Amino acid sequence: MTRRPHRFLRRAVLSLALPMLLFVLLVATGHAQSSAFDRPPAPVTNVALKDAPDDAGGAITISWTLSPDDAGGAMDVIGYDVRRSTSPDGPFQTVKSVPRGSSEAADETDLDSDVNYFYRVVVKDAKGEAPSVVAGPVQAKVQWFNLGRLNTLIATIIYITLLLYFIFHAKKGKKLFIRRLAGLDALDEAVGRATEMGKPILYVPGISQISDVATIASINILSGVARTVAEYNTRVIVPNYDPIVMTVAQEVVREGFLAAGKPDAYDEHDVFYVTTNQFAFVAAVDGIMVREKPATNLFIGMFFAESLILAETGASTGAIQIAGTDAVAQIPFFIAACDYTLIGEELYAASAYLSRAPLLLGSLKGQDWMKICLIGCIAVGVVTLLFGIESFRDFFETPLMIFRQ
Amino acid sequence: MTGMELFWTWVAAFLTLSIYSFLYKDNPFYKFAEHLVVGVSVGYIFTINWHQGLHPYLFNPLAASWEHPYNLLRVIPLILGLLFLLRISRKYNWLSRFTIALVMGIGCGTAIPPTIETRIIQQTKASMINIIDQPSLWAGFCAVTILVGTISTLIYFFFSKEHKGILGGTARLGIVFLMVGFGASFGYTVMARISLLIGRLNFLINDWVIGTWNFIAG
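Residues numbered from 1 in each chain as written. Chains lettered and ligands numbered in written order. Predicted model: local features only at pLDDT ≥ 70, side-chain atom pairs only at ≥ 80, totals over all residues.

Peer 1: For this particular structure, what's the right way to read the overall build of chain B?
Peer 2: Within chain B, the regular secondary structure consists of six helices and zero strands. Of the regular secondary structure in chain B, the N- to C-terminal order runs α-α-α-α-α-α. Along the first, second and third principal axes, the C-alpha atoms of chain B reach 65 × 65 × 40 Å. Considering only contacts within chain B whose residues lie at least 6 apart along the sequence, 22% involve residues at least 24 apart. (Helix = DSSP H or I, 4+ residues; strand = E, 2+ residues; numbered from the N terminus. Contact = placed C-beta atoms within 7 Å.)

Structure below.
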């Protein structure tokens, strides 16, 4: 009888204690959850700084381990601010903002080379932000060598080796065969026609700058044309779009007349500057074509939207027209409106063929062998891909990655 | 439209029609427009070069060379530029060749690496296609076409041998590929030019004719 009250009391305590314990647990958990949303996010860790490779300075790569509230936890992170200072004590300024889930950013904002920079990564959510510890110092270094362009270097070395080899052979007097181009057969005919008709030849060296490969090839062809023109006692008119190209063209034409033994026949006013405005240049050249009525028009070099206007106007005057360009979009217009067209690389071949200079002949031979190398590379690349090997093809994209692997 | 806007619209329309009059034949209106556009463009280019080239990159830094003595190095390009002007002298025009040689050398040097990178390496890589592992029969056909087209076109531009026999046949296939490509490019570009013509006709009809009518009608 005496044990019954104790049993009753124990049951009563247990029946009250369990709900209370549950209540306390629920409150504690709820509090923990609400506090995770109320407090700022946990900061990022392991902030690492690295000078961006293969550049001319001016870039630093910052990486970090994501905030625990981004990778998991509250999952309410909005994004990260990368802040920079030249002192570890600040002040820090935001130089880059990246969205949640990002663990790397590149700072390319007004960085000076060889200056110490310090960074902190600030994680943000709706309630606030939390900065990381300060990382640094780091410097944006200038690299002398861009390893990402290693494939370009190798290709250039192979190309130059081939060129030098064939130039050396050409200079030793070895006869190098080059097939005749149809457009070049027409060139002598066109100059002769101009001489018979007593009319000038118009030579337009394109509307690009001297750094353009097509312009350089055009200048080489102009050299040969100037020599032929001087031999035939014909006049050549060379309107220019670029003043530097004009000065080079003047030199080349003068030397052409000199090589033909007729330096006095050269008139420097025939090689002149017009304007460096595309359609104003076209308007002027069109005017020259209808007023001077050249017997032959040569459009050789780099051309853009004006190609058809020039070629159509020339065709309407009844001139023989020979064009040559490596501007793929303009070749169709020249093919449609000119008598002969040097397509793409034929332009470069023409300059070698005309001059017969060992330097250019050797260069052309070197280019031909480079094409054989490229066809071989494509064949090897296709075969290796058939066997599932991608490293050969990838070397043409990112050789650096292969070496790093 | 204000009276001044109408005036300039008439000037633009007059110059547009003057240029188009060349379609009939060479005439004084065309000559006027031609000389005007050449003159204005040269003046414009000179102004651009002055404000965006000479002034910020040469004269301003030289003026500040008291504070930054290394700016005096810009005297070197100034001298090289002045050598160009010696072309007008019969006695000293040979000096301009130094500048020409420098410009040619820099031009070639800066042109070669990007040309090899973009026109050779990237295109060679793009031609290496797995012709079997393609998502469809059509994609496989396209891959084979790209491969055959690339190689046959390269062979067309091979100058060291006469195009006879197998080489000649492959080169002929290459020129077919080239012409198909040029045809597509021709059609595409003509469409773009037509859109330019439409833009100009739109100006003549809407801005000039209808604009003038609306101005007169009040």
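From this point, the discussion proceeds with the structure in view.
Peer 1: Quick question: what am I supposed to make of the overall build of chain A here?
Peer 2: Tallying secondary structure elements over chain A gives 13 helices and 14 strands in all. Every one of the 405 residues in chain A was classed for burial, and the buried ones make up 40%. (Buried ≥ 20, exposed ≤ 12 C-beta atoms within 10 Å, placed from the backbone.)

Peer 1: When you look at the sheet that holds strand 1 (residues 45-51) of chain A in this model, what are you seeing that I'm missing?
Peer 2: Backbone-to-backbone hydrogen bonds join strands into a sheet, with any given pair of strands oriented parallel or antiparallel. Residues and elements named next belong to chain A. Read from one edge to the other, the open sheet built from three strands follows the order 1-2-5, with strand pairing classed as antiparallel. Only two strands of the sheet have a single neighbouring strand rather than two, namely strand 1 and strand 5 (104-107). Ignoring strand direction, the axes of neighbouring strands in this sheet form an average angle of 20°. As paired elements, strand 2 (residues 60-65) and strand 5 share four bridges and run antiparallel to each other. When the bridges of strand 5 are listed, S63 appears paired with E104. (Pairing = 2+ DSSP bridges. Axes fitted to C-alpha atoms, helices over the stretch in contact; angles between N-to-C directions.)

Peer 1: Explain helix 4 (residues 182-197) of chain A to me, please; I cannot follow it from the model alone.
Peer 2: All names here are of chain A. Given a rise of 1.5 Å per residue, 16 residues ought to cover 22 Å, and the 23 Å separating the end C-alpha atoms of helix 4 matches this to within 8%. Of all the residues in helix 4, the buried ones are G183, L184, L187, A190, V191 and A194. Down the axis of helix 4, the buried side of the element spans an arc of 100°, and every buried residue falls inside it. Summarising the geometry of helix 4, the exposed residues directed more than 90 degrees from the buried face are A182, D185, D188 and E196. Positive phi shows up at G198, right after helix 4, with a value of about 70°. (Expected span 1.5 Å × (residues − 1). Arc of directions from axis to C-beta.)

Peer 1: Any chance you could explain the confidence of the model for chain A here in plain terms?
Peer 2: Low pLDDT means the predicted atomic positions in that stretch should not be read closely. For chain A, per-residue confidence averages 83 on the pLDDT scale, and 87% of positions sit at 70 or higher. Long-range and interchain partners of residues 30-34 of chain A, a stretch whose pLDDT sits below 50, account for zero contacts in this model, where long-range means more than four residues apart. (pLDDT = per-residue confidence, 0-100.)

Peer 1: Could you clarify how one ought to interpret the packing of helix 7 (residues 278-292) of chain A against helix 2 (residues 28-63) of chain B in this entry?
Peer 2: Helix-helix packing is characterised by the crossing angle of the two axes and by the distance between the axes. Following both chains from N to C, one finds helix 7 of chain A and helix 2 of chain B inclined at 140°, their axes separated by 9 Å at the closest point. By the criterion of interaxial angle, the relationship of helix 7 of chain A to helix 2 of chain B is oblique. As helix 7 of chain A packs across helix 2 of chain B, the resulting crossing turns out to be left-handed. When helix 7 of chain A is examined against helix 2 of chain B, the residues A280, A283, A284 and G287 of chain A are found in contact with a partner set consisting of K31, E34, V37, V38 and S41 of chain B. (Parallel < 35°, antiparallel > 145°, perpendicular 65-115°, else oblique. Left-handed = near helix turned anticlockwise from the far one by under 90°.)

Peer 1: Is there a simple way to think about the interface of chain B and chain A in this case?
Peer 2: When the parts of a complex come together, some accessible area is lost, and that lost area is often taken as the interface size. Each partner contributes residues to the interface: chain B has 51 residues there, and chain A has 54 residues. Those elements that provide at least two residues to the side of chain B that touches chain A are helix 2, helix 4 (96-127), helix 5 (137-156) and helix 6 (165-217) of chain B. A total of 18 residues in the side of chain B that touches chain A trace back to one element, the largest contributor, which is helix 4 of chain B. Of the residues in the side of chain B that touches chain A, the class split is 29 nonpolar, 14 polar and eight charged. (Nonpolar A, V, L, I, M, F, W, Y, C, P; charged D, E, K, R; others polar.)

Peer 1: So what exactly am I meant to see when it comes to the confidence of the model for chain B here?
Peer 2: Residue and element names in this part refer to chain B. Mean pLDDT over chain B stands at 89; residues scoring 70 or higher make up 100%. Within chain B, the lowest mean pLDDT, 85, falls on helix 4, and the highest, 93, falls on helix 1 (residues 3-20). Two numbers describe this predicted complex: its pTM, 0.70, and its ipTM, 0.76.

Peer 1: Looking at this model, I keep getting lost on the domain arrangement of chain A. Mind explaining?
Peer 2: One can read the domain layout of chain A as domain 1 (45-138) and domain 2 (176-356). Computed from C-alpha coordinates alone, the two centres of domain 1 of chain A and domain 2 of chain A are separated by 57 Å. (Domains from an automatic or database assignment.)

Peer 1: What is the right way to read the environment of Q93 of chain A from this model?
Peer 2: Residue and element names in this part refer to chain A. Mapped onto the fold, Q93 is located in strand 4 (residues 93-99). With 91 residues separating them along the chain, Q93 and L184 place their C-alpha atoms 64 Å apart. Among all residues touching Q93, those that are not within four sequence positions of it are R83 and R84.

Peer 1: How should the packing of helix 3 (residues 150-171) of chain A against helix 11 (residues 358-386) of chain A be read in this particular structure?
Peer 2: All names here are of chain A. Running from N to C, helix 3 and helix 11 point in directions that differ by 140°, and their axes come no closer than 7 Å. Judged by the angle between their axes, helix 3 and helix 11 are oblique. Handedness of the crossing formed by helix 3 with helix 11: right-handed. Contacts from I158, Y159, L162, L163, F166, I167, H169, A170 and K171 in helix 3 reach P358, L359, L361, G362, S363, K365, G366, W369, M370 and C373 in helix 11. Residues belonging to the contact of helix 3 with helix 11 are distributed by class as follows: 13 nonpolar, four polar and two charged.

Peer 1: Sorry, what's going on with the sheet that holds strand 12 (residues 296-300) of chain A here?
Peer 2: All names here are of chain A. In space, the six strands of this open sheet follow the order 11-10-9-12-13-14, with parallel pairing throughout. Whereas interior strands pair on both sides, the edge strands pair on one side only; in this sheet they are strand 11 (271-273) and strand 14 (340-343). Put simply, the sheet's adjacent strands are angled 15° from each other on average, direction ignored. Pairing geometry for strand 12 and strand 13 (residues 320-325), over five bridges, is parallel. Bridging from a neighbouring strand, I300 pairs with G324 of strand 13. Across the face of the sheet, helix 4 comes into contact with strand 9 (201-204), strand 12, strand 13 and strand 14 while running at roughly 140° to strand 13. Taken strand by strand, helix 6 (residues 243-259) contacts strand 10 (236-240) and strand 11, and its axis lies near 170° from that of strand 11.

Peer 1: What am I meant to see in the pairing of strand 3 (residues 77-85) of chain A here?
Peer 2: Along any regular strand the residues' side chains alternate between the sheet's two faces. Residue and element names in this part refer to chain A. Examined bridge by bridge, strand 3 and strand 6 (residues 117-125) share eight bridges and lie antiparallel to one another. Bridging from a neighbouring strand, D81 pairs with V122 of strand 6. Examined bridge by bridge, strand 3 and strand 4 share six bridges and lie antiparallel to one another. Residue Y80 lies in a different strand from strand 4, and its bridge partner there is V98.

Peer 1: Help me understand helix 5 of chain B in this model?
Peer 2: Because each turn of an α-helix spans 3.6 residues, side chains separated by three or four positions end up pointing in the same direction. Along its 20 residues, helix 5 of chain B runs 28 Å from first to last C-alpha, staying within 8% of the 28 Å computed at 1.5 Å per residue. Those residues of helix 5 of chain B that fall on the buried side of the exposure criterion are T150, I151, T153, I155 and Y156 of chain B. Looking at the buried residues of helix 5 of chain B, the elements they touch are helix 11 of chain A together with helix 4 and helix 6 of chain B.

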